[in-house]
Amino acid sequence: MDIERLDFSAPGGRIRGLHAAHEASAAIDDPGPRPSLIQFVLRLQGGWIPGSNETWTAGTTGGYSLLLPEPDNPHAALLRLLVVHPEHRRAGTGRALLNHAIGRALHHNRRVITAECPASGPGADFIKAMGFTMASADERRVLDLTAVPWQDFHRMRQDAVKHADDYEFQRFVGPVHDTLLADMTTLLNGMNDAPLGDLDLRHEHLDTVRVRELEDVNERFGLITYTTIARHKDTGEPAGYSRIFLDATSPEPWARQGDTVVLRKHRGHRLGLLLKLAQAQWFHSSEPYVEKIITWNEVSNKHMIAINERLGFTVLDRWNHVQLRLR
Ligand SMILES: CC(C)(COP(=O)(O)OP(=O)(O)OC[C@H]1O[C@@H](n2cnc3c(N)ncnc32)[C@H](O)[C@@H]1OP(=O)(O)O)[C@@H](O)C(=O)NCCC(=O)NCCS
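Predicted model, so just to flag it, every value in this text is computed and none were measured. (Residues numbered from 1 in each chain as written. Predicted model: local features only at pLDDT ≥ 70, side-chain atom pairs only at ≥ 80, totals over all residues. Heavy atoms only, no water.)

Trainee: Please set out the overall build of the chain residue by residue, giving values where relevant.
Mentor: Per the secondary structure count, the chain includes nine helices and twelve strands. Taken over C-alpha atoms, the radius of gyration comes to 20 Å for the chain, in line with the 20 Å a tight globule of 327 residues would show. Each principal axis of the C-alpha atoms in the chain carries an extent, and together these give about 65 × 40 × 35 Å. The buried share of the chain, taken over its 327 residues, is 51%. Partitioning the contacts of the chain with sequence separation of at least 6, the portion at a separation of at least 24 is 72%. For the chain, the accessible surface area stands at approximately 15300 Å², while carbon and sulfur atoms represent 51% of it. (Helix = DSSP H or I, 4+ residues; strand = E, 2+ residues; numbered from the N terminus. Rg over C-alpha atoms; globule rule 2.2 N^0.38 Å. Buried < 20%, exposed > 50% of the residue type's maximum accessible area, 1.4 Å probe, protein only. Contact = heavy atoms within 4.5 Å. Areas by Shrake-Rupley, 256 points an atom, 1.4 Å probe, with all protein chains shown as cover.)

Below you can see the structure in the form of structure tokens.
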């Protein structure tokens, strides 16, 4: 079987072939939103993760992408996608692609390879057969914006705001302005509290240069961001934030909930709930055609899950994060 590297500077039909294999696969076992071609490329290239990436394809039957992060996780290779077209399965292609990926990871001196797949179905069976072990699990939850009782949201917000007298809220669409860049950097690093389970990975530590790069990635790949920040009135310190992503390159009526963070010293004032209520109301009035917001929660992240369930998010499915030690 010929496995060839995809050249993103001259991708031609091969990238479309891989996207088509992914679409056909997702139609069977992924009830979530489909990435547009441009979002698919972003995913293959690991846009938000610093380092290098490789995508390899086996004709039109399938392929994989491998991210090689630097500088925080130079020991790891992240398998971002490994897909075989449903018409070509159970013929050893998945195994051949994975063995190739392991060879590339070792070539780059990585000691662990990580992957993610739905908790049940062919991906889960395959990954188990290939010797990967479970490291953590996420649930995906969806908020159906067409069925939200907005009056209840309003009441919940009025009640919660009584606990947050010392805070004020700011919001913006699109990349962060230079005047807020340092605050956003502090807030994004607040995500480093999020649980990683047993994954042999470290959180990335961000500086303002890196945050500006991330904002540029969002813009370059057609992602519109809706951001709300909570700020402590007396000190002016940033206290928390929440962000929703909308893919401007896709007509699909889905949006994606990004990070929601409340920094440690500002917890206990209902800021998490307030940020998400404010975001949902604002986003819905700005983008009324969007019907669903999808979010990922690590299963042990009880506080975030409680807030999401209060808002009416319901579980869509479960995904496992798995890893294989290479040496
Ligand atoms: C997972 C996937 C890549 C497997 O591709 P494939 O070409 O069918 O896999 P292979 O034929 O190489 O299978 C290798 C072994 O995995 C296991 N396996 C694969 N699919 C399986 C299934 N549907 N049920 C049970 N075991 C399965 C078997 O042990 C198989 O060996 P065997 O055929 O000798 O019994 C493919 O089903 C797919 O694209 N799924 C959707 C995307 C996904 O979940 N990717 C995994 C994330 S890393």
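Trainee: How would you explain the site of the ligand if you had to name every residue and give the values?
Mentor: Around the ligand sit 20 residues, and of these Leu-82, Val-84, Arg-90, Gly-94 and Arg-95 come closest. Interatomic distance of 3.2 Å between a side-chain N/O atom of Arg-89 and an oxygen atom of the ligand. At 3.4 Å from a nitrogen atom of the ligand is found a side-chain nitrogen or oxygen belonging to Asp-125. Contact with the protein chains hides 79% of the accessible area of the ligand, taken as 920 Å² for the molecule alone. Of all the secondary-structure elements, those providing two or more residues to the shell around the ligand are β4 (76-84), α3 (93-107), β5 (112-118) and α4 (122-129). Per-element accounting of the shell around the ligand gives the leading share, six residues, to α4. Tallied by class, the residues present in the shell around the ligand amount to ten nonpolar, five polar and five charged. (Near = heavy atom within 4 Å. Polar contact = N/O pair within 3.5 Å; in protein donor to acceptor, adjacent residues only side chain to side chain. Nonpolar A, V, L, I, M, F, W, Y, C, P; charged D, E, K, R; others polar.)

Trainee: Before we move on, can you summarise the packing of helix α1 (residues 12-29) against helix α2 (residues 37-45) with the specific residues and values?
Mentor: Two elements in contact, α1 and α2, have axes separated by 11 Å at closest approach and are oriented at 95°. It follows that α1 is roughly perpendicular to α2 by the angle criterion. Every residue of α2 that contacts α1 at Ile-15, Arg-16, Leu-18, His-19 and His-22 is listed here: Leu-37, Phe-40, Val-41, Arg-43 and Leu-44. Broken down by class, the residue content of the contact of α1 with α2 amounts to six nonpolar, two polar and two charged. (Axes fitted to C-alpha atoms, helices over the stretch in contact; angles between N-to-C directions. Parallel < 35°, antiparallel > 145°, perpendicular 65-115°, else oblique.)

Trainee: Explain the domain arrangement of the chain to me, and be specific about the residues and the numbers.
Mentor: One can read the domain layout of the chain as domain 1 (4-110) and domain 2 (140-318). For domain 1 versus domain 2, the separation of C-alpha centres amounts to 28 Å. Residue-level contacts link 21 residues of domain 1 with 24 residues of domain 2. Both sides of the domain 1 and domain 2 interface together cover about 1800 Å² of buried area, and 56% of this is carbon and sulfur. (Domains from an automatic or database assignment. Buried area = accessible area lost by both parts, 1.4 Å probe.)

Trainee: Explain the nonpolar core to me, and be specific about the residues and the numbers.
Mentor: Note that soluble globular proteins tend to have their nonpolar side chains buried in a common cluster. Counting residues in hydrophobic clusters, the biggest one holds 29 residues, and the most contacted among them are Leu-145, Phe-153, Ala-255, Leu-271, Phe-283, Ile-293 and Leu-311. Ranked by residues supplied to this core, first place goes to helix α8 (residues 271-286) with eight residues. (Core = buried A, V, L, I, M, F, W, Y, C linked by side-chain atoms within 4.5 Å.)

Trainee: Please set out α3 residue by residue, giving values where relevant.
Mentor: Since one α-helical turn is 3.6 residues long, residues separated by three or four positions face the same way. Helix length check: α3 (15 residues) gives 21 Å between terminal C-alpha atoms against 21 Å at 1.5 Å per residue, within 8%. Among the residues of α3, Thr-93, Gly-94, Leu-97, Leu-98, Ala-101, Ile-102, Arg-104 and Ala-105 are the ones counted as buried. Remark: Asn-109 follows α3 within two positions and exhibits a positive phi of approximately 65°. (Expected span 1.5 Å × (residues − 1).)

Trainee: So what about the side chain of Thr-61? Which residues, and what values?
Mentor: Along the polypeptide, Thr-61 turns up in the loop between β2 (51-58) and β3 (62-69). Within polar-contact distance, the side chain of Thr-61 engages the backbone oxygen of Ala-58 at 2.7 Å. Leaving out residues up to four positions away in the same chain, Thr-61 has contacts with Val-83, Val-84, His-85, His-88 and Thr-93.

Trainee: I'd love a proper account of the packing of helix α5 (residues 150-161) against α8, names of residues and values included.
Mentor: At their nearest, the axes of α5 and α8 sit 10 Å apart, and the two run at 145° to each other. Crossing geometry of α5 relative to α8 is assigned as left-handed. Across the interface between the two elements, Trp-150, Phe-153, His-154, Met-156, Arg-157, Ala-160 and Val-161 of α5 pack against Leu-273, Leu-274, Leu-277, Ala-278, Ala-280, Gln-281 and His-284 of α8. (Left-handed = near helix turned anticlockwise from the far one by under 90°.)

Trainee: Explain the side chain of Asp-138 residue by residue, including any values.
Mentor: Tracing the chain through its elements places Asp-138 in strand β6 (residues 133-144). Buried charge without a salt bridge: Asp-138, with Arg-141 as the nearest opposite-charge side chain at an N-O distance of 8.6 Å. At a separation of 3.0 Å, a polar atom in the side chain of Asp-138 contacts the side chain of His-321. If we skip the residues at most four places from it in the chain, Asp-138 touches Trp-296, Asn-297, Glu-298, Val-299, Asp-317, Arg-318, Trp-319 and His-321. (Lys, Arg positive; Asp, Glu negative; His and termini not counted. Salt bridge = Lys/Arg side-chain N within 4 Å of Asp/Glu carboxyl O.)

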